[in-house]
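This is what each chain is made of:
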Amino acid sequence: MKTLNALLGAVAALSLSAASANAQTYPDRSITMVVPFSAGGPTDTVARLVAESMSKDLGQQIIVENVGGAGGTLGAGRVAQADPDGYTVLLHHIGMATSATLYRKLAYDTLNAFEYVGLVTEVPMTIVARKDLEPTDLKGLVEYAKANKDTVTVANAGIGAASHLCGMMFMSAIETPLTTVPYKGTGPAMTDLLGGQVDIMCDQTTNTTKQIQGGTIKAYAVTSPERLKVFPDLPTTTEGGLSGLQVGIWHGVYTPKGTPADVNERLSKSLQVALKDPNVVARFGELGTIPSSDADATPAALKAKLEAEITRWKPVIEAAGQYAD
C-alpha cells in the first residue's frame, strides 16, 4: 500500500510539474480566436481589435477565424469540441446566452461546455430607420409602427443575431408585432436599410455609428441608460418613452471545457492588458462603447453574466415564440 501511495504521489507531482511547465511556456504557437459571425460585422470588429492587442502581450499571433451560421452556434460548437489546450478560444456576444433558449437542440451544453476567460465590452444598441421614414422622434416612430403594423418591416442579421434580439425587445416594448426580415449577416441587412427596402433596424453602435454620422440612416434612440459621448444629441429609449427597452450586447471570451486553469488565467490577464491598450480604448470609443474593467474581464464575472442573461432572456424568447429549430 505504501508503494502504491508513493507511486500515486509521484504521478500527481509529475502532473503538477507538467501543468506548471505548460503554463510557463504558454503560448508557444499561434492561437485561433473563433468568431461565430461573418467578417466585417460588429462582433468581428471587436474581436480583431482585442486579438491584435492580446497578440502583442502574449508574444504569439492570435488569428481570427470567422465560423458563421446558425446564430453563432456553429462557431461555438466548434470551440466546444476543440482540444482544451488554450490554442482555440471563442469570442461570442449575448447570443451565447440566448441560444440556450432559441435552439432547443444544441450540440453543446451552454453553461458547462466551456471555461470562462472574461468580459470584453457591452455595446449599446441604436434604433435606426431608413433616412426617409416619416417620424422625427422615438415617440413618433412608436405611433407610426403601431398605426402601420401590417406594413412596417424590421430588418435583422438572422435569428440569434444582436439585431434580431433587439428587434424582439422593441416589439415587446411597444406591444406590437411587426414583420421581421432576416438576412444572412449584418452587411446585407444594413445595405437594404440604406436602400430603403426595409424600414427599421435595431443594431449595435459598432455597426451603425458611421452610418448615423454620415446621415445615411435616421437614428431615434440608444438603448443604454445614459446618452453616449459619440452621440450626445441622441436620446435614450427611456427619454423617448420606452423605459423597458434597455439592452446592451455584451461580448466574452471562452475556451473549451478542461482548459488548464493557469492557461485560462494567462488569457484573462492578457485580455485585461488589451482592454487598457490606448488604441483599443480609442477605437472602442469611436464605436460607441468602452472596454470592460479588470473586475469584469475575469472568468467569474463572465460566468455570472452568462448565467444571469440566460435567465433574463428565456421568458422573452418563449413569449415571442420564435425558435431557431
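Keep in mind that what you see is a predicted model, and the values were worked out from it rather than measured.

J.: Any chance you could break down the environment of Asp28 for me, citing the residues and the numbers?
T.: Mapped onto the elements of the fold, Asp28 is located in the loop between helix 1 (2–25) and strand 1 (31–35). Separated by 256 residues in sequence, Asp28 and Phe284 place their C-alpha atoms 29 Å apart. Apart from the residues lying within four places of it in its own chain, the contact partners of Asp28 are Gln60 and Tyr87. There is a polar contact of 2.8 Å between the side chain of Asp28 and the side chain of Tyr87.

J.: Can you explain the state of the cysteines? Please cite residues and give values.
T.: Across all of its chains, the model carries 1 disulfide by this definition. Residue Cys166 pairs covalently with Cys202 via a disulfide, S to S 1.8 Å. Here Cys166, found in helix 6 (residues 162–174), pairs with Cys202, found in strand 7 (residues 200–204); they are 36 residues apart in sequence, far enough to count as distant. When its relative accessible area of 3% is taken as the criterion, Cys202 is described as buried.

J.: Before we move on, could you go through the environment of Lys210 and cite the residues and values that matter?
T.: With respect to the helices and strands, Lys210 occurs in helix 8 (residues 205–214). When its relative accessible area of 70% is taken as the criterion, Lys210 is described as exposed. Separated by 77 residues in sequence, Lys210 and Leu287 place their C-alpha atoms 8.4 Å apart.

J.: Let's hear about the confidence of the model for the protein chain: which residues, and what values?
T.: Overall, the predicted model of the protein chain reaches an average pLDDT of 91, with 93% of residues at or above 70. Note that pLDDT drops below 50 for residues 16–21; the model gives that stretch 0 contacts with residues more than four away or on any other chain.

J.: Please give an account of the packing of helix 2 (residues 42–58) against helix 9 (residues 261–274) that cites residues and values.
T.: At a minimum axis distance of 8 Å, the contact between helix 2 and helix 9 shows a crossing angle of 115°. Seen from above, helix 2 lies across helix 9 with right-handed handedness. Residues Val50, Ser53, Met54, Asp57 and Leu58 of helix 2 pack against Arg266, Leu267, Ser270, Leu271, Val273 and Ala274 of helix 9. In the contact of helix 2 with helix 9, the residues fall into 7 nonpolar, 2 polar and 2 charged.

J.: Can you tell me about the packing of helix 4 (residues 95–102) against helix 11 (residues 299–320), naming the residues and giving the values?
T.: Running from N to C, helix 4 and helix 11 point in directions that differ by 45°, and their axes come no closer than 8 Å. The angle between helix 4 and helix 11 falls in the class oblique. Between helix 4 and helix 11 lies a crossing of right-handed hand. Taking contact as the criterion, the partners of Met96, Ala97, Thr98, Ala100, Thr101 and Leu102 in helix 4 are, on helix 11, Leu306, Glu309, Ile310, Trp313, Lys314, Ile317 and Glu318. Here the residues of the contact of helix 4 with helix 11 sort into 8 nonpolar, 2 polar and 3 charged.

J.: Would you mind going over the packing of aromatic side chains in detail, with residue names and values included?
T.: What the rule picks out here adds up to 4 aromatic pairs. Taking the centre distance of 5.2 Å and the plane angle of 65° together, the rings of Tyr26 and Tyr87 count as edge-to-face. Placement of the pair is Tyr26 in the loop between helix 1 and strand 1 and Tyr87 in the loop between helix 3 (73–80) and strand 3 (88–92), with a sequence separation of 61 residues. By relative accessible area, which is 4% here, Tyr26 ends up buried. For the ring pair Phe114 and Tyr254, a centre distance of 6.0 Å and an interplane angle of 65° mean the geometry is edge-to-face.

J.: Residues and numbers for the pairing of strand 3, please.
T.: Where burial is concerned, most of strand 3 is hidden: 5 out of the 5 residues are buried. Across the two faces of strand 3 the burial is the same, with Thr88, Leu90 and His92 and Val89 and Leu91 all buried. Here strand 1 runs beside strand 3; their pairing, made up of 3 bridges, is parallel. Within the sheet, the bridge partner assigned to Val34 lies in strand 3 and is Leu90. Taken together, the 3 bridges between strand 3 and strand 9 (residues 248–256) define a ladder with antiparallel strand orientation. Its bridge partner lying in strand 9, Leu90 is registered against Tyr254.

J.: Lay out the layout of surface pockets with the relevant residues and their values.
T.: One simple way to see leftover space: roll a probe sized like a water molecule over the atoms. By volume, the largest pocket amounts to about 600 Å³. If you trace the largest pocket, you find 28 residues lining it, with Glu122, Pro124, Leu228, Thr289 and Ile290 closest to the centre. Sort the elements by how many residues they give to the lining of the largest pocket and strand 4 (residues 114–130) lands first, with 5 residues. Of the residues assigned to the lining of the largest pocket, the class counts are 11 nonpolar, 9 polar and 8 charged. Of the voids in this model, the second largest pocket is the one considered here, and its volume is about 360 Å³. For the second largest pocket, the lining is made up of 26 residues, of which Phe37, Ala157, Ala161, Lys184 and Gly185 are closest to its centre. For the lining of the second largest pocket, the residue count by class is 11 nonpolar, 13 polar and 2 charged.

J.: Would you mind going over the nonpolar core in detail, with residue names and values included?
T.: Counting 52 residues, the largest nonpolar core has Phe114 and Tyr254 as its most contacted members. At 8 residues, the largest contribution of residues to this core is made by helix 6. Sequence-distant contacts of Tyr254, that is, excluding residues within four places in its chain, are made with Val89, Leu90, His92, Met96, Phe114, Glu115, Tyr116, Val117, Leu302 and Leu306. Formed by 28 residues, the second largest nonpolar core is a distinct cluster that contains Met54, Val117, Val253 and Leu275.

Thresholds, definitions, all that
- Residues numbered from 1 in each chain as written.
- Predicted model: local features only at pLDDT ≥ 70, side-chain atom pairs only at ≥ 80, totals over all residues.
- Heavy atoms only, no water.
- Helix = DSSP H or I, 4+ residues; strand = E, 2+ residues; numbered from the N terminus.
- Contact = heavy atoms within 4.5 Å.
- Polar contact = N/O pair within 3.5 Å; in protein donor to acceptor, adjacent residues only side chain to side chain.
- Disulfide = S-S within 2.5 Å.
- Buried < 20%, exposed > 50% of the residue type's maximum accessible area, 1.4 Å probe, protein only.
- pLDDT = per-residue confidence, 0-100.
- Axes fitted to C-alpha atoms, helices over the stretch in contact; angles between N-to-C directions.
- Left-handed = near helix turned anticlockwise from the far one by under 90°.
- Nonpolar A, V, L, I, M, F, W, Y, C, P; charged D, E, K, R; others polar.
- Parallel < 35°, antiparallel > 145°, perpendicular 65-115°, else oblique.
- Phe/Tyr/Trp six-rings, centres within 6.5 Å; stacked < 30°, edge-to-face > 60°.
- Pairing = 2+ DSSP bridges.
- 1 Å grid on protein atoms, 1.4 Å probe; cavity = no way out; pocket = protein on both sides within 12 Å on 5 of 7 lines; lining within 4 Å.
- Points joined across faces, edges and corners; volume = space filled by probe spheres on them.
- Core = buried A, V, L, I, M, F, W, Y, C linked by side-chain atoms within 4.5 Å.

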